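# Per-entry structural report
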Amino acid sequence: QVQLVESGGGLVQAGGSLRLSCAASGLTFSSYTMGWFRQAPGKEREFVAGISWSGGTTYYADSVKGRFTISRDNAKNTVYLQMNSLKPDDTAVYYCAARLFGTTRIREEREYNYWGQGTQVTVSS
């Protein structure tokens, strides 16, 4: 059974930082492209960042480029999202997702096979 478990969310002031983690089990982690998505209240879920199976290629939404960094540790079956210079607009539930190989259409939810339960990030002004 595949499980993706996010952690690291919380309440932070604007300008602060958080590091999200997503621990994967039940799959061959190094074969999966990983992504982070988020959903703010009243809005649709949106792509935040993605990383290829090897970690060699990363992708970001324009809204987080330069502030967020996605990385992975295949030995620990974990993907991370380092979030710096946080803004109130970053407030959302953050989800990690996994898809088997490939990075085409990496920003599209439908391309992902597995999802975590989400972790809340709240940025106060």
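Below is a short write-up of the structure. (Residues numbered from 1 in each chain as written. Predicted model: local features only at pLDDT ≥ 70, side-chain atom pairs only at ≥ 80, totals over all residues. Heavy atoms only, no water.)

On to the overall build of the protein, then. Helix and strand counts for the protein stand at zero helices and 11 strands. Taken from the N to the C terminus, the helices and strands of the protein come in the order β-β-β-β-β-β-β-β-β-β-β. Here the C-alpha atoms of the protein give a radius of gyration of 13 Å, agreeing with the 14 Å that 2.2 N^0.38 yields for 125 residues. Each principal axis of the C-alpha atoms in the protein carries an extent, and together these give about 40 × 25 × 25 Å. Counting over 125 residues, the protein shows a buried share of 46%. With an accessible surface of roughly 6300 Å², the protein has 45% of that area assigned to carbon and sulfur atoms. Both charge centroids of the protein, one from 13 positive and one from 10 negative side chains, sit 4 Å from each other. (Helix = DSSP H or I, 4+ residues; strand = E, 2+ residues; numbered from the N terminus. Rg over C-alpha atoms; globule rule 2.2 N^0.38 Å. Buried < 20%, exposed > 50% of the residue type's maximum accessible area, 1.4 Å probe, protein only. Areas by Shrake-Rupley, 256 points an atom, 1.4 Å probe, with all protein chains shown as cover. Lys, Arg positive; Asp, Glu negative; His and termini not counted. Charge placed at Lys NZ, Arg CZ, Asp CG, Glu CD.)

Quick look at the pairing of strand 7 (residues 68-73) now. Along any regular strand the residues' side chains alternate between the sheet's two faces. Only one face of strand 7 is buried: it carries Phe68, Ile70 and Arg72, and the other face, with Thr69, Ser71 and Asp73, is open. By the bridge criterion, six bridges tie strand 7 to strand 8 (residues 78-83) in an arrangement that is antiparallel. Each bridged residue has a counterpart across the sheet, and for aspartate 73 the counterpart in strand 8 is threonine 78. Hairpin connection, strand 7 to strand 8: the antiparallel pair is bridged by four residues, and asparagine 77 has positive phi, about 55°. (Pairing = 2+ DSSP bridges.)

With that out of the way, let us pick up the layout of surface pockets. Its boundaries defined by the atoms lining it, the largest pocket holds a volume of some 150 Å³. For the largest pocket, the full set of lining residues is Arg38, Gln39, Ala40, Lys43, Glu44, Glu46, Pro88, Asp89, Thr91 and Ala92. For the lining of the largest pocket, the class distribution of residues is three nonpolar, two polar and five charged. (1 Å grid on protein atoms, 1.4 Å probe; cavity = no way out; pocket = protein on both sides within 12 Å on 5 of 7 lines; lining within 4 Å. Points joined across faces, edges and corners; volume = space filled by probe spheres on them. Nonpolar A, V, L, I, M, F, W, Y, C, P; charged D, E, K, R; others polar.)

Time to look at the environment of isoleucine 70. Structurally, the position occupied by isoleucine 70 is in strand 7. As a C-alpha pair, isoleucine 70 and leucine 20 span 50 residues in sequence and 9.4 Å in three-dimensional space. Beyond its immediate chain neighbours, meaning those up to four positions away, isoleucine 70 contacts Met34, Trp36, Ala49, Gly50, Ile51, Thr58, Tyr60, Val79, Tyr80 and Leu81. (Contact = heavy atoms within 4.5 Å.)

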